[in-house]
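Report on the structure
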Amino acid sequence: MKSSAVTIKEISFLSGYSISTVSKALNNKLEISKATRDAIKIIAKQHNYVPNNYAVSLRMQKTASIAVILPEVTVACYSHCLSHLQKSAERLGYRILFYQSFNSETKELNYLRSLSDGSIDGIIFISSNKRAQSQFKSHLIPIEFLHVNFSQTLESIKENAVQSLMNLLKIK
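Residues numbered from 1 in each chain as written. Predicted model: local features only at pLDDT ≥ 70, side-chain atom pairs only at ≥ 80, totals over all residues. Heavy atoms only, no water.

**Topic: the sheet that holds strand E2 (residues 95-100)**
Note the threshold: Two strands qualify as a pair provided DSSP detects at least 2 bridges between them. For helices the rule is a DSSP run of H or I covering at least 4 residues; for strands it is a run of E covering at least 2, with both sets numbered from the N terminus onward. Here an axis means a line fitted to C-alpha atoms, over the contact stretch when the element is a helix, while the angle between two N-to-C directions is reported on a 0 to 180 degree scale.
The strand order across the open sheet built from four strands is E2-E1-E3-E4, with neighbouring strands paired in parallel fashion. A single partner strand is all that each edge strand has here, and the edge strands are E2 and strand E4 (143-147). This sheet shows a mean twist of 20° between the axes of neighbouring strands, independent of strand direction. With five bridges connecting them, strand E3 (residues 122-127) and E4 associate as parallel partners. Directly across from Phe 125, in E4, lies its bridge partner Phe 145.

**Side note on the nonpolar core**
Nonpolar side chains tend toward joint burial in soluble globular proteins. Using the following cut-off: We call a set of buried residues a nonpolar core when its members are Ala, Val, Leu, Ile, Met, Phe, Trp, Tyr or Cys and they connect through side-chain atoms within 4.5 Å of each other. Relative accessibility thresholds used throughout: buried, under 20% of the residue-type maximum; exposed, over 50%; partly exposed, between the two (1.4 Å probe, protein chains only). Should any heavy atoms of two residues lie within 4.5 Å, those residues are counted as being in contact.
Of all hydrophobic cores here, the largest spans 20 residues; its most connected members are Ile 66, Val 68, Cys 81, Leu 85, Ile 124, Ile 126 and Val 148. Elements with a contribution of two residues or more to this core: strand E1 (65-70), helix H5 (76-91), E3 and helix H8 (154-169). Considering each element in turn, this core owes the most residues, six residues, to H5. If sequence neighbours within four positions are ignored, Ile 124 has contacts with Ile 66, Ala 67, Val 68, Ile 69, Leu 85, Glu 144, Leu 146, Ser 164, Leu 165 and Leu 168.

**Examining the environment of Asn 160**
Mapped onto the elements, Asn 160 comes out in helix H8. The exposure class of Asn 160 is partly exposed, given its relative accessible area of 29%. Between the alpha carbons of Asn 160 and His 84 there is a distance of 9.6 Å; along the sequence they are 76 residues apart. The residues contacting Asn 160, other than those within four sequence positions of it, are Leu 146 and Gln 152.

**Let's talk about the packing of aromatic side chains**
The geometry of an aromatic ring pair comes down to the distance between the two centres and the angle between the two planes. The cut-off we apply is this: Two rings from Phe, Tyr or Trp (for Trp, the six-membered ring) form a pair when their centres are within 6.5 Å of each other. A pair whose planes differ by under 30 degrees is stacked, one over 60 is edge-to-face, and the rest are tilted.
Considering all chains together, one arrives at three aromatic pairs under this definition. Here Tyr 78 and Phe 150 contribute two aromatic rings whose centre-to-centre distance is 6.1 Å and whose plane-to-plane angle is 65°, an arrangement assigned as edge-to-face. You can see Tyr 78 sitting in helix H5 and its partner Phe 150 sitting in the loop between E4 and H8, a full 72 residues away along the chain. Given the relative accessible area of 3%, Tyr 78 is considered buried. Residue class for Phe 150 comes out exposed when judged on its relative accessible area of 60%. Relative to Tyr 111, the ring of Tyr 99 has its centre 5.0 Å away and its plane inclined at 45°; by these criteria the two rings are tilted. One end of the pair, Tyr 99, is in strand E2; the other, Tyr 111, is in helix H6 (residues 105-115), and 12 residues separate them in sequence.

Following this line, the structure appears as structure tokens:
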């Protein structure tokens, strides 16, 4: 058994089917017979095939990834917030990528620029201070601002974190 993941092209070679047929079979397209789909899926499983997330994201125009930019993960209120964002996001089929700004607006803007490449579906900025949001809103990527202060209860932080995620994803 091969230990590294194979590509659709390699599965095509191994199975004797075209790349198009392999792709359709792995995506359960009914135009491919059940026998062919099953044969291709067996080969894919034997060779540890894993779909390329970037290719899937391009096709679906959705990455199922959300960036969270926060000042510092070791600060209790921020880590609590991040924890609830991650739990809630995972329940909704999303993964969280987090970035620490260490309260640097320059870092935040650099993260925003680099994350505007289509690699994520949105960004949640967590901060203890309310700053001018206009410079962040000029980007096309959805952005949600989550204000957290040190006097909030853990329950309040949890509720606000979940609500920010729902707002970002436009879920009511």
